[in-house]
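# What the coordinates show
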Amino acid sequence: MRHKIGKVDVHLVSYPITGGFADATRKVETIGFLLVRITTDQGLEGIGVTYHEVGGEATRELIVHNMAPKLIDRDPLQSEVIWQEFFHYLRGVGRKGLMYCALSAIDIALWDLKGKIAGLPVCTLLGGNATKVPVYASGGWTSYSDDELVDEMRGMVDRGFRTVKFKVGFDGGRNIRRDAVRVRKVREAVGPDIQILVDANNCFDAATAVQLANRIREYDIAYFEEPVFADDIPGLARFKKGTDIPLATGEHEYTKFGVRDLLVNEAADLVQVDGARAGGYTEMLKCAALTQAWNVKFAPHAMENVHLHLAAAVPNALFLERLLMFEEITGLVFKDAPKPLDGFMHVPNRPGLALDLDMDFVRDHDQA
Ligand SMILES: [Mg+2]
C-alpha cells in the first residue's frame, strides 16, 4: 500500500560558537540546523535538514504555517511533483534564500523517505555504486594567527585528510602580501603531496584576486574559491581569464538557474552548490547534470553527511567538504553520523540517507 504523509515536525537547533571563527567577510557567532521530520501514515520517517545560523526562525514559520499543510496526505514518492508545486507557490516571495532553505529541507526528507520506502540507500536509488567518497577538511579562518593556521592544517593531515582548505582574505581582504605568506607557510608545513584549496569568501575584486592568485601559484593551489562576491559573475569570469588556478564557486547559488548562469558565463571550474540551500536532492541532481554538460567538476558545499549519497552517485563529483567547525554539533544532532576515515566518507549501507537524529539532544536544544 502506498504511503501517505501524516505529520511534519520542525526543530531548530543551534549552538553558540566561542572563539574567533571569522573569514574575510563574516564572523560566525552561532551555527545550527533546522531539521524536518516527515512521518508517513505507516510510521516511516524521513529526515531533512537546512542551516540555522541566521533567520532559521523564519524558515521554520514558513514550513510550519505554509508548506507543511500542503504535504499532508501526499504521496512522498512524488518528490518532483511536490518540488514543482512549491517552486510556483514560493516564486513571488523568494527564488533564492530562506525560501529555498525551507524547500531543501523538505525535499531532503522526501528523498530519505523514498529510500526507506524502497528499502534502499539513496545512493542505490540514484544508480550509484560507490562505497566511499573522498572528503577534505575545511577551516583555517582568517582570524587565526599564522601558527594556529599551520597547526590546524597539520592536524588535518595527521587525521588522514589528503586535501585541506583554509581561508585567504587576511584583514578583510586588504593584505594579500600576508595571504601569500600564510599560503607559503601552509605549503611548507603540509609538504608537496597534500592538495591545498583556498577560500576568499567573496572578499576581493577581480583584479586583487588575480594578483593574489598569481602570487600563490607557485604553491600549487588546486582551487581558488569565491574570489569575488558570489553575484559578481563577470568578476568570476574575469578572474578565470587572469589565472590558471581553477575557480571554485557556487555555495551561495540557488537552483539550476543559478548554476546555469555560472556555466554560461564560464565563471566556474568547480561548482559547489549546497543541497541544503539550493533545493534539495531533486534540484542538486539537475545542477549536477548541468555541470556534466559543461564538463566541469561538482563538489557540494559542507553538509557532508547529507551530500554523501549524492556524491556517491554523481559521476563528476570530486569530493565532500567537512567543516571542522560543524564536527561537534553534527556528532551531537545525528546519531552514528559517518566519520571520515583516511580521507574518505563511507556510504552507510542502510535505507534512505541514514540521517538518524539523537532526539534527546534535539528536544533539549529545540528553540520552539
Ligand atoms: Mg566556502
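About the thresholds
In this numbering scheme, every chain counts its residues from 1 along its sequence in written order. With pLDDT at 70 or above as the cut-off, local features in this predicted model cover only qualifying residues; side-chain atom pairs require 80 or more to be listed or tallied, and sums for whole chains, interfaces and linings still use all residues. The basis for every side-chain value is the complete set of non-hydrogen atoms in the structure, without hydrogens or water. Axes, fitted as lines to C-alpha atoms, cover a helix only where it is in contact. Angles between the N-to-C directions of the axes lie from 0 to 180 degrees. Helix and strand definitions follow DSSP, with helices as H or I runs of at least four residues and strands as E runs of at least two, each counted in order from the N terminus. Any angle from 65 to 115 degrees is called roughly perpendicular, while one under 35 is roughly parallel, one over 145 is roughly antiparallel, and all others are oblique. The contact rule is simple, with two residues in contact once any of their heavy atoms fall within 4.5 Å. Amino acid classes used here: Ala, Val, Leu, Ile, Met, Phe, Trp, Tyr, Cys and Pro are nonpolar; Asp, Glu, Lys and Arg are charged; the rest, including Gly, are polar. The donor set covers N, O and S atoms within 2.8 Å of the metal, switching to 3.2 Å for Na, K and Ca, and it leaves out water, so a site may look short of donors. Each residue gets one of three labels from its accessible area relative to the maximum for its type: buried under 20%, exposed over 50%, partly exposed in between, using a 1.4 Å probe on protein chains only. Joining through side-chain atoms within 4.5 Å is the link that ties buried Ala, Val, Leu, Ile, Met, Phe, Trp, Tyr and Cys residues into a set, and such a set is a nonpolar core. Each domain's extent is set by a domain assignment, obtained either automatically or from a database. Summed over both partners, the accessible area (1.4 Å probe) lost when two parts come together is defined as the buried area. Between Lys or Arg on one side and Asp or Glu on the other, a salt bridge is scored when a side-chain nitrogen of the former is within 4 Å of a carboxyl oxygen of the latter. Nitrogen and oxygen atoms within 3.5 Å of one another constitute a polar contact, given that in protein one can donate a hydrogen and the other can accept it, and given that sequence-neighbouring residues count only through two side-chain atoms. A residue's bend is simply the angle between two axes: one fitted to the seven residues ending at it, one to the seven starting at it. Two strands qualify as a pair provided DSSP detects at least 2 bridges between them. A crossover gets the label right-handed when its path from the first strand over the helix to the second runs clockwise, viewed with the strands pointing away from the viewer.

## Let's talk about the packing of helix α2 (residues 79-90) against helix α3 (residues 98-118)
For the pair α2 and α3, the least separation of the axes is 10 Å and the interaxial angle reads 170°. Regarding the angle of α2 to α3, the classification is roughly antiparallel. For the pair α2 and α3, contact is made by Ser 79, Ile 82, Trp 83, Phe 86, Phe 87 and Leu 90 and by Met 99, Tyr 100, Leu 103, Ile 106, Asp 107, Leu 110, Trp 111 and Lys 114, respectively. Partitioning the contact of α2 with α3 into residue classes produces 11 nonpolar, 1 polar and 2 charged.

## A look at the coordination of the magnesium ion
Each protein donor to the magnesium ion is listed here as Asp 199 (OD), Glu 225 (OE) and Glu 251 (OE); together their distances run 2.0 to 2.2 Å. All donors of the magnesium ion come from a single chain, and their spacing in sequence reads D-x25-E-x25-E. Taken together, the positions of Asp 199 in strand β6 (residues 195-199) and Glu 251 in the loop between β8 (247-249) and α10 (255-264) put the pair 52 residues apart, joining distant regions of the chain. For Asp 199, a relative accessible area of 2% translates into the label buried. Look at Glu 251 and you get buried, because its relative accessible area is 7%.

## What about the nonpolar core?
Membership of the largest hydrophobic core comes to 95 residues, with the highest contact counts inside it found for Ile 216, Phe 224 and Val 333. Examining the composition of this core, we find that 6 residues originate from one element, helix α8 (residues 206-216), more than from any other. Core analysis: the second largest hydrophobic core is formed by 27 residues, Leu 12, Leu 71, Trp 83 and Tyr 254 among them.

## Re the domain arrangement of the protein chain
You can read the domains of the protein chain as domain 1 (5-119 + 358-365) and domain 2 (125-346). Spacing between the C-alpha centres of domain 1 and domain 2 amounts to 24 Å. If you look at the interface, domain 1 gives 39 residues, while domain 2 gives 45 residues. Considering only the side of domain 1, the residues that lose the most area to domain 2 are Phe 33, Tyr 51 and Trp 111, jointly responsible for 19% of the buried surface there. Our count for the domain 1 to domain 2 interface comes out at 2 salt bridges. The closest approach of N and O atoms between Glu 80 and Lys 286, which form a salt bridge, is 2.8 Å. Our count for the contact surface shared by domain 1 and domain 2 stands at 19 residue pairs in polar contact (both at pLDDT 80 or more). Sorting the residues of the side of domain 1 that touches domain 2 by element identifies β1 (5-16), β2 (30-40), β3 (45-51), α2, α3 and α15 (359-365) as the ones contributing at least two each. Looking at the side of domain 1 that touches domain 2 element by element, the count peaks at 9 residues for α3. A per-class count over the side of domain 1 that touches domain 2 returns 21 nonpolar, 10 polar and 8 charged.

## Remarks on helix α1 (residues 56-71)
At Ile 63, α1 is deflected by roughly 40°, the largest bend along its length. Among all positions of α1, only Gly 56, Thr 59, Arg 60, Leu 62, Ile 63, Met 67, Ala 68 and Leu 71 are buried. Along its buried surface, α1 packs onto β1, β2, β3, α2 and α3.

## Some remarks on the pairing of β2
Most of β2 sits inside the fold, with 10 of its 11 residues counted as buried. Pairing analysis gives 7 bridges linking β2 to β3, with the strands arranged antiparallel. Across the sheet, Phe 33 pairs through a bridge with Tyr 51, a residue of β3. Between the antiparallel neighbours β2 and β3 lie 4 residues, among them Gly 43 with a positive phi of about 90°.

## Focus on the pattern of salt bridges
Following the criterion strictly, the structure yields 27 salt bridges and no others. For Lys 7, the salt bridge is made with Asp 9, and the minimal N-O distance between the two is 3.1 Å. Classification of Lys 7 by relative accessible area gives partly exposed; the value is 43%. Between Asp 146 and Arg 182 there is a salt bridge; the shortest N-O distance is 2.8 Å.

## Some points on the pairing of β6
Buried residues dominate β6, accounting for 4 of its 5 residues. Where β6 lies against strand β7 (residues 221-225), 4 bridges are found, and the strand directions are parallel. Within β7, the position partnered with Ile 196 by the bridge is Ile 221. Running through α8, the crossover from β6 to the neighbouring parallel element β7 is right-handed.

## Looking at helix α13 (residues 304-313)
Counting buried positions along α13 yields 10 of 10 residues, so the element is predominantly enclosed. Those residues of α13 that fall on the buried side of the exposure criterion are Glu 304, Asn 305, Val 306, His 307, Leu 308, His 309, Leu 310, Ala 311, Ala 312 and Ala 313.

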